[in-house]
Amino acid sequence: MDGQRNRHAGNDRRPSEVIWEAITRWFDVGRERWVERAWHLFWWLVIQAVVLLVGFVIVWAVLQPHKPSFIVRSATVRGLNLSIPHIFSPDLEVRLAYHNRNRRIGIYYGEATVYATYRDRRITYNTHLPPVYQGLRAKDVWSFPLYGNSEPLDTRAPPSRPRQWRGQDRRQDLRERQLAGRVAFGIIGINEETEVEILNMIPNNNPVQPHMELLVHCKSKDNDLGPWKLSWFESRTIQFRVNLWFSTLFWCRFDWGSKFANVVVFDTRNPDFGGEKYLNWQVKTDGFYFASGDDPVGSDYKRLASWTDAPLPSKEN
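Residues numbered from 1 in each chain as written. Predicted model: local features only at pLDDT ≥ 70, side-chain atom pairs only at ≥ 80, totals over all residues. Heavy atoms only, no water.

> Could you give an account of the sheet that holds strand S18 (residues 287-292), with specific residues and numbers?
Strand order across the open sheet formed by five strands is S14-S11-S17-S18-S19, with mixed pairing between neighbours. Where the open sheet ends on each side, the last strands, each with one partner, are strand S14 (235-240) and strand S19 (302-305). Recorded for the sheet is a direction-independent mean angle of 25 degrees between the axes of neighbouring strands. When strand S11 (residues 194-200) meets S14, the two strands line up antiparallel, connected through six bridges. Pairing of Ile 198 across the sheet is with Arg 236, part of S14. (Pairing = 2+ DSSP bridges. Helix = DSSP H or I, 4+ residues; strand = E, 2+ residues; numbered from the N terminus. Axes fitted to C-alpha atoms, helices over the stretch in contact; angles between N-to-C directions.)

> Kindly report on the state of the cysteines, identifying the contributing residues and their values.
Under the criterion given, the structure shown has one disulfide. A disulfide bridge connects Cys 218 with Cys 252, and the sulfur atoms are separated by 1.9 Å. For the disulfide bridge between Cys 218 and Cys 252, the dihedral angle about the S-S bond is near 105 degrees, and by the sign convention the bridge is right-handed. With a gap of 34 residues between them, Cys 218 in strand S12 (residues 214-220) and Cys 252 in strand S15 (residues 249-256) connect regions that are remote in the sequence. Residues Cys 218 and Cys 252 agree in their burial class; the two are buried. (Disulfide = S-S within 2.5 Å. Buried < 20%, exposed > 50% of the residue type's maximum accessible area, 1.4 Å probe, protein only.)

> An account of the packing of aromatic side chains is requested, with residue identities and associated values reported.
Summed over all chains, the structure comprises 14 aromatic pairs. Relative to Phe 266, the ring of Phe 240 has its centre 4.9 Å away and its plane inclined at 65 degrees; by these criteria the two rings are edge-to-face. On the criterion of sequence distance, the pair formed by Phe 240 in strand S14 and Phe 266 in strand S16 (residues 259-267) is long-range, its members being 26 residues apart. Assigned by exposure class, Phe 240 and Phe 266 land together as buried. With centroids separated by 5.5 Å and ring planes inclined at 45 degrees, the aromatic side chains of Trp 256 and Trp 307 adopt a geometry described as tilted. A residue pair is termed long-range when its members are at least 10 positions apart, and Trp 256 in strand S15 and Trp 307 in the loop between S19 and strand S20 (308-309) qualify at 51 residues. The burial state of Trp 256 is the same as that of Trp 307; both residues are buried. In textbook terms, an aromatic cluster arises when at least three aromatic residues are bridged by ring pairs, as seen for Phe 70, Tyr 98, Tyr 109 and Trp 142. Above the plane of the ring of Tyr 115 lies Arg 122, whose end atom (NZ or CZ) is 3.7 Å from the centre. Here Lys 284 stacks its cationic end above the ring of Tyr 289, 4.7 Å away from the centre of that ring. (Phe/Tyr/Trp six-rings, centres within 6.5 Å; stacked < 30°, edge-to-face > 60°. Lys NZ or Arg CZ within 6 Å of the ring centre and 35° of its normal.)

> Pulling in residues and values, what's your account of the confidence of the model for the chain?
For the chain, the average pLDDT comes to 78, and 73% of its residues sit at 70 or higher. Counting interchain partners and residues more than four positions distant, the pLDDT-below-50 stretch residues 157-176 has 15 contacts. (pLDDT = per-residue confidence, 0-100. Contact = heavy atoms within 4.5 Å.)

> Which residues make up the nonpolar core, and what values go with them?
Core analysis: the biggest nonpolar cluster contains 28 residues, and Ile 198, Phe 254, Trp 281, Phe 288 and Trp 307 have the highest contact counts within it. With sequence-adjacent residues up to four places away left out, Phe 254 is seen in contact with Ile 198, Leu 214, Leu 215, Val 216, Lys 259, Phe 260, Ala 261, Val 263, Val 283, Phe 288 and Trp 307. If you look at the next biggest cluster of nonpolar residues, it comprises 15 residues, including Leu 92, Tyr 98, Ala 112 and Leu 146. (Core = buried A, V, L, I, M, F, W, Y, C linked by side-chain atoms within 4.5 Å.)

What follows is the structure in structure tokens.
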């Protein structure tokens, strides 16, 4: 009888109660699932944040980025008229050196504006310098004029100073003029490819060893580029990227008749080589000449190595 009553009681439930009970049960189960999924999402985000942070620290430690430095090499006064009272308007010729101290990062200077100040007042118009790219650890110089803006300015010495000192004050004030400005730059060219060009400048009819072939064999710790033969005015280019430990080094064995030389053509730790994108070597009868840059001229080359007589036996021979 009791079972029949319970069945009848269950059958007597209204449809709305049954639906509400089903919805409540579904939400209870769904809430547990959503809580579990929320925790999974939270820990996934935490792991991603930790990975990104560790990656950022590693990249920062490897690249070690630095801002460029600027130094005024010279500031020549081309025109200065102090005959007009309260007007100080000089024309200057300025040489501004800028240095990229990064070993793995090139810098692009998008906008540069320079002006001169005197007693915290501008005395020249703005000079806008053109955009320029600077390679790794490169040092360059901007040369540009600054034109006076005829700004009204009291250039007289303070009245409390003796008259015989006022001329000294004027010259001291001129020395205290400053250059100011702003430079917009961006970091690009991380770990750029380095190019080392070797050019044979030994003519065939030279008076030292005429009609002798130049044999070259270049290698690094990890790469052996094999032997080459370079004719007069023939060149060969080595392209590579500096490793993460800044230990990349390339050396070449040169054989020319009865003379030979072992020359380090690239070494990251050498300030003449490390950080440069383009390195140029010229092989001549009196030695090996080096210059850096994209398009160096003859005066840029300097001799860094010489030939040696009585060569040691080499595998190429």
